[in-house]
Amino acid sequence: MRIEAPRYTERFGAVRINEVQKVLELDSGRARGLSPDEDIAVRKIEEETLKDFEQKLAIAIPIKNEKLKLFEGVISGVPHECLTIVVSNSDTEKVDRFRMEKDTLKQYCHFTRRRALIIHQKDPVVARALEAGGYTDLLDEDGLVRNGKAEGMLLAMMISMMVKKEYIGFIDADNFFPGSVWEYVRCYAAGFSMAQSPYAMVRVLWRYKPKASAGMYFKKWGRVSEVTNKCMNSLISVKTGFDTDIIKTGNAGEHAMSLKLAEILPYASGYAVEPQELVSIFEGFGGVLPFAHQAGAKHGVEVFQIETRNPHLHEERGVGHLQGMLVPGLGSLFHSKLCDSDTKQMVINELVNQKAIRKEEEPAMPRAYRPPTSLNLKKFSTVMKEHMASYYAINGQ
Ligand code: GDD
Ligand code: MG
């Protein structure tokens, strides 16, 4: 794979945010050294290197009642070396959609000899394991894991910690193109191969997000992303004293982290999760507030933003859904200890413009989750281990 070298890096305390890097070649041919001139502007990442990182990478797929055909396409796009972890919150009553997902994954893994896990978010065993591990943050009044994509992601992180993966990447289950899933995962691997710090994050930016209305229009920015990025950049600008537009991936659902980083970040519920990750990094490592983690601060936290070749096409869910994403995302920014009064006003103005809140209102503060290191992994694993075989797609492994 050939990718642009990071041309500019914005520094915010111990955080290094790299400017967007474009994928130049999906396949860069055989291993062969670069000419010294080319090395300045371009990174060539060999297939073997990508595979080495993919082997250490778990791919988490959160799913809730998606079309089975889309799910099937998505799992087929994940490179073979990765461990796929499906966390489902799909219906189990009336039509047992979870059962269908399980069957699909099992059949796929049987024929491709792959390792994958599938687990239901509402599985009582998981709730028991979390309770044993002293991490009841995720549980609701019924004693089961709460609804939400973030909650599914956190579960996948904990399972990845348990099976000792080094990296975790997230891929939505409603993607139309297996080829783009494949590219995202290669971008994750490429990002980690470029990282100088063990505390690294890779966020994907798509070249286009096409809209099908009277033909196909290749739109670059979604409405939600545009607003989130603007407010996030304002927060950084005010703190550093220099205007910046470095953040282009405030909402990136497709993103990956080293588990070393994933473990130490606090998270937010539902769709606030992706903006909150950046807010948590700025709060914990931006140098304005006390550092959240000594080793993390020493190595620094590195954020890569990689622009893919494939356009992003997924299920359309309408305006109500977009507002349902915008408010919590901006809520996480608004309620950050780092958020200044100008940025707060900007958040309110944007939300009022989008008719998401009224003038005198503030966005609610999303539910917060402690970092996964707060979980007693040993106790969690003891409960999970007894049932692990049943979560693997084939042969109990
Ligand atoms: N496990 C689990 N539990 N998965 C869920 C849940 C849940 O309660 N709710 C939704 N999902 C799954 C969906 O099935 C899908 O695979 C994925 O989470 C994302 O949900 P979508 O409803 O498709 O979100 P979106 O397309 O509007 O937004 C996506 O992109 C945004 C950035 O553009 C998400 O990835 C957002 O988190 C992201 O900010
Ligand atoms: Mg979607």
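Residues numbered from 1 in each chain as written. Chains lettered and ligands numbered in written order. Predicted model: local features only at pLDDT ≥ 70, side-chain atom pairs only at ≥ 80, totals over all residues. Heavy atoms only, no water.

Draft legend 1. Just the overall build of the protein chain, in detail. Looking only at helices and strands, the protein chain has 14 helices and 16 strands in total. Relative to the 2.2 N^0.38 estimate, which gives 21 Å for 397 residues, the radius of gyration of the protein chain is 20 Å and therefore close to what a compact globule would have. In terms of its C-alpha atoms, the protein chain occupies a principal-axis envelope of roughly 60 × 55 × 55 Å. Expressed as a percentage of the 397 residues in the protein chain, the buried residues total 56%. Within the protein chain, contacts between residues at least 6 apart in sequence are counted, and of these 75% link residues at least 24 apart. A total of about 17300 Å² of accessible surface is found on the protein chain, and carbon and sulfur atoms cover 51% of it. (Helix = DSSP H or I, 4+ residues; strand = E, 2+ residues; numbered from the N terminus. Rg over C-alpha atoms; globule rule 2.2 N^0.38 Å. Buried < 20%, exposed > 50% of the residue type's maximum accessible area, 1.4 Å probe, protein only. Contact = heavy atoms within 4.5 Å. Areas by Shrake-Rupley, 256 points an atom, 1.4 Å probe, with all protein chains shown as cover.)

Draft legend 2. Examining the coordination of the magnesium ion (ligand 2) more closely. At this site the magnesium ion (ligand 2) is bound by D174 (OD) and H314 (ND1), with donor distances of 2.2 to 2.3 Å. Of this pair, D174 sits in the loop between β9 (167-170) and α7 (178-194) while H314 sits in the loop between β15 (301-307) and α12 (318-334), and the two are 140 residues apart along the sequence. Of the residues examined, D174 reaches a relative accessible area of 3% and is grouped as buried. H314 gets classed as partly exposed once you look at its relative accessible area, which sits at 22%. (Donors = N, O, S within 2.8 Å, 3.2 Å for Na, K, Ca; no water.)

Draft legend 3. Expanded view of the packing of helix α6 (residues 149-162) against helix α10 (residues 273-285). Relative orientation of the contacting elements α6 and α10 amounts to 60°, with a least axis distance of 10 Å. The pairing of α6 with α10 is recorded here as oblique in orientation. Of α10, the residues touching α6 (which contributes K149, A150 and M153) are V273, E274 and E277. A per-class count over the contact of α6 with α10 returns 3 nonpolar, no polar and 3 charged. (Axes fitted to C-alpha atoms, helices over the stretch in contact; angles between N-to-C directions. Parallel < 35°, antiparallel > 145°, perpendicular 65-115°, else oblique. Nonpolar A, V, L, I, M, F, W, Y, C, P; charged D, E, K, R; others polar.)

Draft legend 4. Broad picture of the site of ligand 1. Neighbouring ligand 1 are 22 residues; E66, K149, D172, R317 and H321 lie closest to it. In this structure, Y271 approaches ligand 1 through a side-chain N or O atom, which is 2.8 Å from an oxygen atom. In the environment of ligand 1, an oxygen atom lies 2.9 Å from a nitrogen or oxygen atom belonging to the side chain of H314. When isolated, ligand 1 has an accessible area of 740 Å², and the protein chains bury 94% of it. (Near = heavy atom within 4 Å. Polar contact = N/O pair within 3.5 Å; in protein donor to acceptor, adjacent residues only side chain to side chain.)

Draft legend 5. Summary view of the nonpolar core. L130, M257, L261, Y267, I281, F282 and M384 are the most contacted members of the largest nonpolar core, which totals 78 residues. Beyond its immediate chain neighbours, meaning those up to four positions away, L130 contacts Y135, T136, L138, L139, V145, L155, M158, L375 and F380. Of all hydrophobic cores here, the second largest spans 43 residues; its members include I3, Y167, Y188 and A190. (Core = buried A, V, L, I, M, F, W, Y, C linked by side-chain atoms within 4.5 Å.)

Draft legend 6. Main features of the pairing of β15. Of all 7 residues in β15, 7 are buried; the element is thus mostly enclosed. Where strand β3 (residues 15-18) meets β15, 3 bridges bridge the pair, whose relative direction is parallel. If you follow I17 over to β15, its bridge partner there is V303. In terms of strand pairing, strand β4 (residues 21-25) meets β15 through 2 bridges, oriented parallel. (Pairing = 2+ DSSP bridges.)

Draft legend 7. Spatial organisation of the pattern of salt bridges. In this structure the tally under the stated criterion is 17 salt bridges. One salt bridge connects K44 with E46, and the closest N-O pair in it is separated by 3.3 Å. Taken as a pair, K44 and E46 share a single burial class, namely buried. The shortest N-O distance in the salt bridge between E350 and K230 comes to 2.5 Å. With a gap of 120 residues between them, E350 in helix α13 (residues 341-353) and K230 in helix α8 (residues 223-240) connect regions that are remote in the sequence. A residue is classified by how much of its surface remains accessible, and E350, at 11% relative accessible area, is buried. Overall, K230 belongs to the partly exposed group, its relative accessible area being 40%. Look at the salt bridges and you will find they share partners, linking K149, D172 and E274 into a network. (Salt bridge = Lys/Arg side-chain N within 4 Å of Asp/Glu carboxyl O.)

Draft legend 8. Main features of α13. Between its first and last C-alpha, α13 extends 18 Å over 13 residues, near the 18 Å set by a 1.5 Å rise per residue. The set of residues buried in α13 consists of T343, V347, I348, E350 and L351. The buried side chains of α13 occupy one side of the element, clustering within an arc of 165° when seen end-on. Across from the buried face of α13, at angles greater than 90 degrees, the exposed residues are S341, D342 and N353. Against the buried residues of α13 lie α8 and α12. Of the residues one or two after α13, K355 is the one with positive phi, at around 55°. (Expected span 1.5 Å × (residues − 1). Arc of directions from axis to C-beta.)

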